[in-house]
Amino acid sequence: MSASQTSSSDVPADVPTLLVKIFGKDRPGITAGLFDTLAAYSVDVVDIEQVVTRGRMVLCALVTEPPPGLEGDLRSTVHSWAESMKMQAEIISGRGDNRPRGLGRSLVTVLGHPLTAEATAAIAARITETGGNIDRIFRLAKYPVTAVEFAVSGVETEPLRTALVTDAARLGIDVAVVAAGLYRRAQRLVVMDVDSTLIQDEVIELFAAHAGCEDKVAEVTAAAMRGELDFEQSLHARVALLEGLDASVVDKVRSEVRLTPGARTLIRTLKRLGYQVGVVSGGFTQVTDDLKERLGLDFAHANTLEIVDGRLTGKVTGEIVDRAGKARLLRRFAAEAGVPLSQTVAIGDGANDLDMLNAAGLGVAFNAKPVVREAAHAAVNFPFLDTVLYLLGVTREEVEAADTLDIG
């Protein structure tokens, strides 16, 4: 489905207007033909909306009433023109402009694989129950998931988000609710967690596999990600198990790292749209520095494994990147990029990402633990990182178009 809408200046409520509706098989020249026909009657355009679905068009034009004595002729001419184009026409008399949209504007993005009629009905009904009105519906993508955006007015963003996110898990879909406005497309810094977000792996577990202590490290990692252990203490405990490991294992681990499906597409598209992109990680610079170079990232920060005489010492050097540290780094990156914090996006999956997600203008929980999904602004539970683009209002067509252009 594609749609476009424009609106002129306000029209007094008592001014007679005509709603001209044209519907039928889409073909080039319909829009121009309709307005060429209307131009002969000196009408002003108040509003236009056009939707095309599977080759079927609905075109609506709200116009002022023609000069006295010409309305009948206008109606006859429009119907004759529509018939000549093998279209149908309907003209409805009224007064004034469309009903003003209610206060509170939000964009509701619904992701489904598939997106069922049952889920769509439930979301639409819940929007109505909150006092919201659906002003427009637009499909953002048809693969790898179906992504549909609802423009909603009449209810504030936070209560709408609370109501819809509660239903999402039951319906087997993802729902993201953000405030509408120009700032949405102006979010020019995206910062991601690395382990189980940008990549499919937990880096310390890759190191542990070479040290023969994978099970012990994985157990501590899982507890830390659930928020059951202090991150810094768990980090030191896990790294201590790597003591004595030959430094040559760093290159082996780098080669074993698997990017999350859609990661390259996400980063490539964001960069071409003018975004800056960074990563923060409770993992290690030995891997994040390599990812920064390979993916063309603007920022990267992580912990550093200490290496002495060609072997890991079982210690980390420098300031620990923990839950609070990730939020500090988001703020630092934003300052360096010259981007207000309100125009940043953070993506993560674990409890140690929560401060960063909450500090960002938009915090996205990606295949996250329940505690993270409940606290984040939006959640994506599909295994494709590029679905985050849809939360920013980027369509699949724009992603594909960006791949054919060199726009930055």
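Residues numbered from 1 in each chain as written. Predicted model: local features only at pLDDT ≥ 70, side-chain atom pairs only at ≥ 80, totals over all residues. Heavy atoms only, no water.

### Some details on the overall build of the protein chain
Line of reasoning, step 1. For the protein chain, the helix and strand inventory stands at 15 helices and 16 strands.
Line of reasoning, step 2. Expressed along its principal axes, the backbone C-alpha trace of the protein chain runs to roughly 95 × 40 × 40 Å.
Line of reasoning, step 3. Relative to its full complement of 408 residues, the protein chain shows a buried share of 49%.
Line of reasoning, step 4. Sequence separation of at least 24 residues holds for 68% of the intrachain contacts in the protein chain that already meet a minimum separation of 6. (Helix = DSSP H or I, 4+ residues; strand = E, 2+ residues; numbered from the N terminus. Buried < 20%, exposed > 50% of the residue type's maximum accessible area, 1.4 Å probe, protein only. Contact = heavy atoms within 4.5 Å.)

### Quick word on the UniProt feature "active site" (unreviewed entry) in the protein chain
Line of reasoning, step 1. Sites flagged by UniProt as "active site" (unreviewed entry) map to Asp193 and Asp195.
Line of reasoning, step 2. You can see Asp193 is positioned in the loop between strand S10 (189–192) and helix H5 (203–211).
Line of reasoning, step 3. If near-sequence neighbours (up to four positions away) are discounted, Asp193 is found in contact with Leu198, Val280, Ser281, Lys326, Ile347, Gly348, Asp349, Asp353 and Met356.
Line of reasoning, step 4. At 2.8 Å, the side chain of Asp193 forms a polar contact with the side chain of Lys326.
Line of reasoning, step 5. If you trace the backbone, Asp195 turns up in the loop between S10 and H5.
Line of reasoning, step 6. Residue classification places Asp195 among the buried residues on the basis of a relative accessible area of 9%.
Line of reasoning, step 7. If we ignore the near neighbours within four places in the chain, the residues touching Asp195 are Asp201, Glu202, Val203, Ile204, Ser281 and Asp349. (UniProt positions renumbered as here; feature names shortened; annotations may be inferred. Polar contact = N/O pair within 3.5 Å; in protein donor to acceptor, adjacent residues only side chain to side chain.)

### Here's the deal with the side chain of Thr17
Line of reasoning, step 1. As for its position among the elements, Thr17 is in strand S2 (residues 16–25).
Line of reasoning, step 2. Side-chain polar atoms of Thr17 contact the backbone oxygen of Gly96, separated by 3.0 Å.

### Some remarks on the pairing of strand S15 (residues 362–366)
Line of reasoning, step 1. Judged by how many residues are buried, S15 sits mostly within the fold: five of five residues are covered.
Line of reasoning, step 2. Neither face of S15 is left uncovered, since the one carrying Leu362, Val364 and Phe366 and the one carrying Gly363 and Ala365 both have all their residues buried.
Line of reasoning, step 3. In the sheet, strand S14 (residues 344–348) pairs with S15 via four bridges, with the strands oriented parallel. Bridge assignment links Ile347 to a residue of S15, and that residue is Val364.
Line of reasoning, step 4. The parallel pair S14 and S15, bridged by helix H12 (residues 354–359), forms a crossover whose chirality is right-handed.
Line of reasoning, step 5. Note: S15 against strand S16 (residues 378–380), three bridges, orientation parallel. Looking at S16, one finds that Ala365 is bridged to Ala379. (Pairing = 2+ DSSP bridges. Right-handed = clockwise from strand over helix to strand, strands pointing away.)

### Some thoughts on unusual backbone geometry
Line of reasoning, step 1. Here His113 and Pro114 are connected by a cis peptide whose omega angle stands at 5°.
Line of reasoning, step 2. Along the chain, the position of Pro114 falls in the loop between strand S6 (105–112) and helix H3 (117–129).
Line of reasoning, step 3. With an omega of 0°, the peptide bond between Tyr143 and Pro144 qualifies as cis.
Line of reasoning, step 4. Mapped onto the fold, Pro144 is located in the loop between strand S7 (133–141) and strand S8 (146–153).
Line of reasoning, step 5. Here Ser42, not a glycine, exhibits a phi torsion of approximately 55°, which is positive.
Line of reasoning, step 6. With respect to the helices and strands, the residue Ser42 is situated in the loop between helix H1 (30–39) and strand S3 (45–53).
Line of reasoning, step 7. Note on Ser42: relative accessible area 56%, which makes it exposed.
Line of reasoning, step 8. Of note, Lys86 is a non-glycine position whose phi angle comes to about 60°, a positive value.
Line of reasoning, step 9. As for its placement among the helices and strands, Lys86 is situated in the loop between helix H2 (71–84) and strand S5 (87–95).
Line of reasoning, step 10. For Lys86, a relative accessible area of 68% corresponds to the exposed category.

### Some points on the environment of Tyr41
Line of reasoning, step 1. If you trace the backbone, Tyr41 turns up in the loop between H1 and S3.
Line of reasoning, step 2. Spatially, the C-alpha atom of Tyr41 lies 7.3 Å from that of Leu70, the residues being 29 residues apart in sequence.
Line of reasoning, step 3. Beyond its immediate stretch of four places on either side in the chain, Tyr41 contacts Pro66, Pro67, Leu70, Asp73, Leu74 and Thr77.
Line of reasoning, step 4. Polar side-chain contacts of Tyr41 include one of 2.7 Å to the side chain of Thr77.

### Regarding the side chain of Thr288
Line of reasoning, step 1. Among the structural elements, Thr288 can be located in helix H10 (residues 285–295).
Line of reasoning, step 2. Beyond its immediate chain neighbours, meaning those up to four positions away, Thr288 contacts Val194, Ser281, Ala300 and Ala302.

### What to know about the domain arrangement of the protein chain
Line of reasoning, step 1. Domain annotation for the protein chain reports domain 1 (16–95), domain 2 (105–181) and domain 3 (189–203 + 257–403).
Line of reasoning, step 2. On a C-alpha basis, the centres of domain 1 and domain 3 stand 49 Å from each other. (Domains from an automatic or database assignment.)

### Some details on helix H11 (residues 323–337)
Line of reasoning, step 1. Across its 15 residues, H11 extends 22 Å between first and last C-alpha, which sits within 8% of the 21 Å expected from 1.5 Å per residue.
Line of reasoning, step 2. Among the residues of H11, Gly325, Lys326, Ala327, Leu329, Leu330, Phe333, Ala334 and Ala337 are the ones counted as buried.
Line of reasoning, step 3. Of the surrounding secondary structure, the elements contacted by the buried residues of H11 are S10, strand S11 (276–284), strand S12 (299–308), S14 and H12.
Line of reasoning, step 4. Its side-chain oxygen 3.4 Å from the backbone nitrogen of Ala324, Asp322 forms the N-cap of H11.
Line of reasoning, step 5. Once H11 ends, the next one or two residues include Gly338, with phi positive near 70°. (Expected span 1.5 Å × (residues − 1).)

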